[in-house]
Amino acid sequence: MSPGHSSSQVVACAAYAKGCRVADVALEDISEVLKQDDRFVWIGLYEPDEALLKEVQAEFGLHDLAIEDAHLAHQRPKLERYGDSLFIALRTAQPDREQRRIAFGETHLFVDSRYVVSVRHSASLSYADVRARCEGQPQLLAKGPAFVLHAIMDFVVDQYFPIVDGLEDGLEALEDEIFNERISRDTTMRIYTLKRDLLEIKRGVSPLIDICNRLMRTDLDLIPDDARPYFRDVYDHALRINEKVDGLRELLGTALEANLSLTTIAQNEATKRITAWAAMFAVPTMVAGIYGMNFEIMPELHWRWGYPVVMAATVTLCGILYYRFKRSGWL
């Protein structure tokens, strides 16, 4: 690690030959190591500042536009070729259990036949396990930077599986709530949150299919022929996740429609009940209004059975209305 640069920015920098790690390399010595034809360098950076990226650019001869993308981040997943090297931007994801949401980050990769530079931004798991797994398979690591690229892409894609499975479980819980008549505003908000998370995952995974297709093509001579089949595995994983996301998005759309329909039905039921009770209360209100007008000439006022008859008629009318509303399902 170069003096003046934090170890939190330069995570690891090592040279490999014939599938084995031969030495840890200081940043300023990289260009000297690359003069040895049988070696390649793999360096990992985490949220590097501009000065560090400029130093890395000088050691590897990276393109200005690629360095600018790696510094600014907020890139869509893509693959670009600059001369004899590739620049690949990946979208990473991991669950944030404290905030109960999905945290998204980025990984930018500079790949050549002699080096791999990985730059991580925001939410991204360390690639220490990926490096250890690669070093544990020297016969595959001997294929060079192409196998390292495959290992990182495979790791990034595999992180989406538990997230999508968790969203699938969340959708099943929502369906239970919707169809068990426990509809609330919170249910609609959770459906919207799930749709937003799935859209973010879609934006991260869908471009990977095209990236893997390009890496498998024979016209891309930076990827050795014996390394191309490994990208087919990443392609299959990305395709599976993309199909699951599409299926979940369709189910969520149906769930949202069902939720809105059931909410409307519930509101209609409440409206019918209110209307029925209002109609029943209208009868005694009308009768009380008539007899509250203080007219002198009203035969019932001087009739002995006037009050009981009026009350009985009022109760009878209310009973008839109640029976009819109950029978029609309004109550």
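Everything below is about the structure printed above this text.
All of these numbers come straight from a predicted model, not from anything done at the bench.

S.K.: Hey, could you go over the packing of aromatic side chains for me, with residue numbers and the actual values?
M.R.: Two aromatic rings, taken as a pair, are described by how far apart their centres are and by the angle between their planes. One pass over the full model with this rule turns up six aromatic pairs. Centroid distance Phe-60 to Tyr-115: 4.7 Å. Interplanar angle 50°. Geometry classified as tilted. Of the two residues, Phe-60 is situated in helix H2 (residues 50-60) and Tyr-115 in strand E7 (residues 115-122); the sequence distance between them amounts to 55 residues. Consider the rings of Phe-87 and Phe-110, whose centres lie 5.1 Å apart with planes at 50°: the pair is tilted. Of this pair, Phe-87 sits in strand E5 (residues 85-96) while Phe-110 sits in strand E6 (residues 101-111); the two residues are 23 residues apart in sequence, bridging distant segments of the chain.

S.K.: An account of the pairing of strand E3 (residues 39-46) is needed here, citing residue identities and associated values.
M.R.: With six of its eight residues buried, E3 lies for the most part within the structure. Taken together, the seven bridges between strand E1 (residues 10-17) and E3 define a ladder with antiparallel strand orientation. Residue pairing for E3: Ala-12 is matched across the bridge by Gly-44. Judged from the six bridges that link them, E3 and E7 form a sheet pairing that is parallel. Across the sheet, the residue bridging to Tyr-46 is Arg-120, located in E7.

S.K.: Please provide a residue-by-residue account of the pattern of salt bridges, values included.
M.R.: One pass over the structure, following the stated rule, counts nine salt bridges. Notably, a salt bridge pairs Asp-24 with Arg-21, separated by 2.5 Å at the nearest N-O pair. On the basis of relative accessible area, Asp-24 is assigned to the exposed category, the value being 59%. Three or more residues are tied together by salt bridges with common partners; here these are Arg-21, Asp-24 and Glu-135.

S.K.: Can you explain helix H6 (residues 145-158)? Please cite residues and give values.
M.R.: Compared with the 20 Å implied by 1.5 Å per residue over 14 residues, the 20 Å span of H6 between its first and last C-alpha is a close match. With 13 of 14 residues buried, H6 is to be regarded as a mostly interior element.

S.K.: Which residues make up the pairing of strand E2 (residues 20-24), and what are the values?
M.R.: In this sheet, E2 lies alongside E1 in antiparallel orientation, the contact comprising four bridges. Note on E2: the bridge partner recorded for Ala-17 is Cys-20. Turn length for the E1-E2 hairpin, with the two strands adjacent in sequence and antiparallel, is two residues, and the turn residue Lys-18 shows positive phi of about 55°.

S.K.: Account for the sheet that holds E5, with residues named and values stated.
M.R.: If you walk across this open sheet you meet the seven strands as E2-E1-E3-E7-E6-E5-E4, and the pairing is mixed. The two strands at the open ends of the sheet, each matched to only one other strand, are E2 and strand E4 (78-82). Taken pair by pair, the neighbouring strands of this sheet meet at an average axis angle of 25°, ignoring direction. As defined by bridge partners, E4 adjoins E5 across five bridges and the pair is classed as antiparallel. Bridged to Glu-80 within E5 is Phe-87. Its contacts with the sheet put H2 on E1, E3 and E7, and the angle it makes with E3 is roughly 170°. Packed onto the sheet, H6 meets E3, E5, E6 and E7 and runs at close to 25° relative to E5.

Conventions we followed
Residues numbered from 1 in each chain as written. Predicted model: local features only at pLDDT ≥ 70, side-chain atom pairs only at ≥ 80, totals over all residues. Heavy atoms only, no water. Phe/Tyr/Trp six-rings, centres within 6.5 Å; stacked < 30°, edge-to-face > 60°. Helix = DSSP H or I, 4+ residues; strand = E, 2+ residues; numbered from the N terminus. Buried < 20%, exposed > 50% of the residue type's maximum accessible area, 1.4 Å probe, protein only. Pairing = 2+ DSSP bridges. Salt bridge = Lys/Arg side-chain N within 4 Å of Asp/Glu carboxyl O. Expected span 1.5 Å × (residues − 1). Axes fitted to C-alpha atoms, helices over the stretch in contact; angles between N-to-C directions. Contact = heavy atoms within 4.5 Å.

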